Amino acid sequence: MKVLLIIYFIFYVLFYFLIDYVVLNDLVLYEFYSDKFSESRVYELLDFRKEWLWVTYPIKLLIQLIALQIPAMLIYLGLYLAKYEISYRKVFGVVLISEFIFFIPLLIKIIWFSFHPVSMESVRLFAPLSLFSLFDAESLQEWLFYPFKVLNVFEVVYWILMAFLLAKYLKSSLDAMLKIVLGYYVSFLFCWVVFVMFISLGNS
């Protein structure tokens, strides 16, 4: 488990390092900030970023470690209440393995912007294989951006993969495990998305 977690964190840091230094490079940031600040201020911001960007990676890792616990705890609770015998460690392992699916959209983003023009706005609006990608961003209100981005192919595969691995561990049916995943994790995700939508509406 520790080895798998270390591998996951290595991939996590690697992908975000590439996004920070290859996709959102100094030129992109300069163009974004130049409309808002003076040239000297922009260079100050870029220098500050170069000096302190590395600090964000351990913070991101800590936040991600906490975030991994949420689906693991919810699914473990569902399995416990359904009287399945499985350790939290194994449930966490299932979640961790399934989380690797989310490196695919990061890879797609890096490859896409390696061959296409990059801007802060284009990166913000980039959500491959999501409901958001089916609409023109200008036709959507800002509070719909987050839920439309969350509903994507990778998220659905994530649910199915967790259910499949749980079914394999517990020698149970895929349908039974899908009910656990949908009933506990996906219902929580739905509530979270609704909460974010209300916050977005309040700030709009």
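The structure under discussion appears in the preceding block.
The written sequence of each chain sets the order in which its residues are numbered from 1. Note on the predicted model: pLDDT of at least 70 is required for a residue's local features to be given, and 80 or more for side-chain atom pairs to be given and counted; whole-chain, interface and lining totals, by contrast, use all residues. In computing side-chain values, all of the structure's heavy atoms are included and hydrogens and water are not.

Further remarks concern the overall build of the chain. Note on conventions: DSSP H or I runs of at least 4 residues are helices, E runs of at least 2 residues are strands, and numbering of each starts at the N terminus. Of the regular secondary structure elements, the chain holds nine helices and zero strands. With respect to the three principal axes, the spread of C-alpha positions in the chain is 65 × 40 × 30 Å. To sort residues, take the accessible area from a 1.4 Å probe on protein chains only and compare it with the maximum for the residue type: under 20% means buried, over 50% means exposed, and anything in between is partly exposed. Residues classed as buried in the chain amount to 35% of the 204 residues present. In the chain, the share of contacts with a sequence separation of at least 24, taken over all contacts with a separation of at least 6, comes to 65%. For accessible areas, the Shrake-Rupley method is used with a probe of radius 1.4 Å. Any residue's cover is judged against the shown protein chains and nothing else. Accessible area of the chain: about 12500 Å², with a carbon and sulfur share of 71%. Just so you know, the count uses Lys and Arg for positive and Asp and Glu for negative, and it drops His and the chain ends. Positions of charges follow a simple convention, taking NZ of Lys, CZ of Arg, CG of Asp or CD of Glu. In the chain, 15 side chains carry a positive charge and 16 a negative one; their mean positions are 15 Å apart. We call two residues in contact when some of their heavy atoms are within 4.5 Å.

Helix span, expected: 1.5 Å multiplied by one less than the number of residues in the helix. For helix 5 (residues 103-115), built from 13 residues, the straight-helix expectation of 18 Å at 1.5 Å per residue is met to within 8% by its first-to-last C-alpha distance of 19 Å. Every buried residue belonging to helix 5 is among Phe103, Pro105, Leu106, Lys109, Ile110 and Phe113, and all of these are buried. Along the axis of helix 5, the buried positions cluster into a sector of 165 degrees, meaning they face one direction only. In the core, the buried residues of helix 5 are packed alongside helix 1 (2-23), helix 4 (88-99), helix 6 (120-124) and helix 8 (153-170). This arc corresponds to the set of directions leading from the helix axis out to the C-beta atoms.

Here we come to the packing of aromatic side chains. Under the pairing criterion, centres of Phe, Tyr and Trp rings, with the six-membered ring standing for Trp, must be within 6.5 Å; the plane angle then separates stacked pairs below 30 degrees from edge-to-face pairs above 60, leaving the rest tilted. The full count for this structure, using the stated rule, is 24 aromatic pairs. Ring geometry for Phe32 and Tyr33: centres 5.3 Å apart, planes at 65 degrees, overall edge-to-face. Over the face of the ring belonging to Phe132 we find Lys149, whose NZ or CZ atom lies 5.3 Å from the ring centre. In this scheme, the term charge over a ring applies when either NZ of a lysine or CZ of an arginine sits within 6 Å of the ring centre and within 35 degrees of the ring normal.

On to helix 8, then. The terminal C-alpha atoms of helix 8 lie 26 Å apart, and with 18 residues this matches the ideal 26 Å at 1.5 Å per residue to within 8%. In this fold, the buried residues of helix 8 make contact with helix 3 (39-81), helix 4, helix 5, helix 7 (145-150) and helix 9 (174-203). Pairs of N or O atoms within 3.5 Å make up the polar contacts considered here, provided that, within protein, one atom can donate a hydrogen while the other can accept it, and that residues adjacent in sequence are counted only when both atoms are side-chain atoms. Capping the start of helix 8 is the job of one residue whose side-chain oxygen sits 3.0 Å from the backbone nitrogen of Phe154: Asn152. Immediately beyond the C-terminal end of helix 8, within one or two residues, lies Lys171, with a positive phi of roughly 55 degrees.

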